[in-house]
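# Report on the structure
Each chain, written out:
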Amino acid sequence: MCGRFTLNQPATALAHIFHVQQVLDLAAEYNIAPTQMVATVLHKLDSDKREFQQLRWGLIPSWAKDSGIGAKLINARAETVAEKPSFRSAFKHRRCLVLADGFYEWQRQQGKKQPFYFRLQDGQPFGFAGLWETWRTPSNEEITSCTILTTAANELLQPIHDRMPVILEPQDYDLWLDPQVQTPQPLQQLLRPYPAPAMTAYPVSTLVNNPRHNSPECIMPISGD
C-alpha cells in the first residue's frame, strides 16, 4: 500500500513538469497522511487543458452514506480497479495524477517496523496514478477526494513490501488523464511497477510514524545497522 508520501517542490517547477498553467504555492510536506489535502493534476471532460487541484486523500464514492469510508479507500489495487464498485466509475471517467517526490514503506525488523524512504534517482517529482470523485454531504457541501493506485512491488521494494504505488512515466500522463479514454485495456497497461534502477531507497527515522512530524528530518537517512 501507499500510506505516506512527500512533496517538497516549488510551484513553478511543478507547473513546468506537469504542464499546468497555475499551481498554488504549497508548503513543503515531508509526511503527507490519509485524509489530508494533496496536490493533484486532472483533466475534466468539459475542459481543454489540465488543471491543478488540491483534493482530500481517501476516496469517497458518490454513493457513500458518510465520508468515513474515505479513510479506508486511500489506495486502489491496479489489478481490480476496473471492477470494484468503489473505483470503477472513477477509473473510467475521473483519473488524476497525485503529485509527489517520494514515499515511505515499512519493513518489519525484529518485531518493529522500520520506515524506508523511496524516491527517484534524479530527485525529480513524479505523478502517482490516481482517481478522483466528488461527494455531497447531507447539507449539500461538496467534497472532492482521491485515491492512489498500487501494483506489485519492483525489485527495490520487494524486500520491504509486496506492493508499491503506481508511478507513471511522464510520457504516459496524457493518456492517463485523457477523459475521452474510457476503456480499461490501454489504461491497465500503464499500471506496472516502476523500473527499480531508476529509484533509490534508504532507512529513515521513526519520526515519520507520527503524521504530526512534518520536517526535513523525516527524510534524512539513518544508519541501517
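Scroll up for the structure.
Residues numbered from 1 in each chain as written. Predicted model: local features only at pLDDT ≥ 70, side-chain atom pairs only at ≥ 80, totals over all residues. Heavy atoms only, no water.

## Section: the pairing of strand β13 (residues 199–203)
Selection rule: Throughout this description, buried means an accessible area under 20% of the type-specific maximum (1.4 Å probe, protein chains only), exposed means over 50%, and partly exposed covers the range between. For helices the rule is a DSSP run of H or I covering at least 4 residues; for strands it is a run of E covering at least 2, with both sets numbered from the N terminus onward. Strand pairing is assigned whenever DSSP detects at least two bridges linking the two strands.
Burial runs high along β13: four of the five residues are buried. Pairing of strand β8 (residues 112–120) with β13, which is carried by five bridges, proceeds in the antiparallel orientation. By the bridge assignment for β13, Y117 is matched with Y202.

## Structural notes on the nonpolar core
Inside soluble globular proteins, nonpolar side chains tend to come together where they are buried. Quick note on the threshold: The nonpolar core is taken to be a set of buried Ala, Val, Leu, Ile, Met, Phe, Trp, Tyr and Cys residues, with the residues joined through side-chain atoms within 4.5 Å. In this description, contact between two residues means that some pair of their heavy atoms is separated by no more than 4.5 Å.
If you look at the biggest cluster of nonpolar residues, it comprises 60 residues, and the most contacted ones within it are F5, F103, F128 and W176. Once residues within four sequence positions are removed from consideration, F103 is found in contact with C2, R4, F5, F116, Y117, F118, F126, F128, L157, P165, I167 and M199. By size, the runner-up hydrophobic cluster in this structure holds eight residues, among which are Y30, Y104, V208 and C218.

## A few points about the side chain of T6
Quick reminder of the rule: Distance and chemistry together define a polar contact, namely a pair of N or O atoms within 3.5 Å, with one atom able to donate a hydrogen and the other to accept it when in protein, and with adjacent residues in sequence counting only for side-chain atoms on both sides.
Looking at where T6 falls in the secondary structure, it is placed in strand β1 (residues 5–7). The exposure class assigned to T6 is buried, which follows from its relative accessible area of 1%. One polar contact links T6 to D101, side chain to side chain, over a distance of 2.6 Å. Here the side chain of T6 touches Y117 through a polar contact of 2.7 Å, side chain to side chain. If sequence neighbours within four positions are ignored, T6 has contacts with E29, Y30, N31, I32, A100, D101, G102, Y104, Y117 and I219.

## Structural notes on the pattern of salt bridges
A side chain with one charge may pair with a side chain of the opposite charge, provided their charged atoms come close. Quick note on the threshold: Between Lys or Arg on one side and Asp or Glu on the other, a salt bridge is scored when a side-chain nitrogen of the former is within 4 Å of a carboxyl oxygen of the latter.
Counted according to the given criterion, the structure contains five salt bridges. The salt bridge involving R94 is made with E133; its shortest N-O contact spans 3.0 Å. On the criterion of sequence distance, the pair formed by R94 in the loop between α2 (88–93) and β6 (95–100) and E133 in strand β9 (residues 126–136) is long-range, its members being 39 residues apart. Neither R94 nor E133 differs from the other in exposure class; each is buried.

## Some thoughts on the sheet that holds β8
Let me state the cut-off plainly: Structural elements are reduced to axes, namely lines fitted to C-alpha atoms, with helices fitted over the stretch in contact, and the angle between N-to-C directions of any two is expressed from 0 to 180 degrees.
The strand order β2-β1-β7-β8-β13 describes an open sheet built from five strands, whose pairing is antiparallel. Both outer strands of the open sheet, β2 (29–32) and β13, are each paired with one neighbouring strand and no more. With strand direction ignored, the average angle separating the axes of adjacent strands in the sheet is 30°. As paired elements, strand β7 (residues 102–109) and β8 share seven bridges and run antiparallel to each other.

## Here's the deal with unusual backbone geometry
The backbone phi angle of T35 is positive, close to 80°, even though this residue is not glycine. Since its relative accessible area comes to 42%, T35 is described here as partly exposed. Positive phi values are uncommon outside glycine, yet Q110 reaches one of about 50°. Mapping Q110 onto the fold places it in the loop between β7 and β8.

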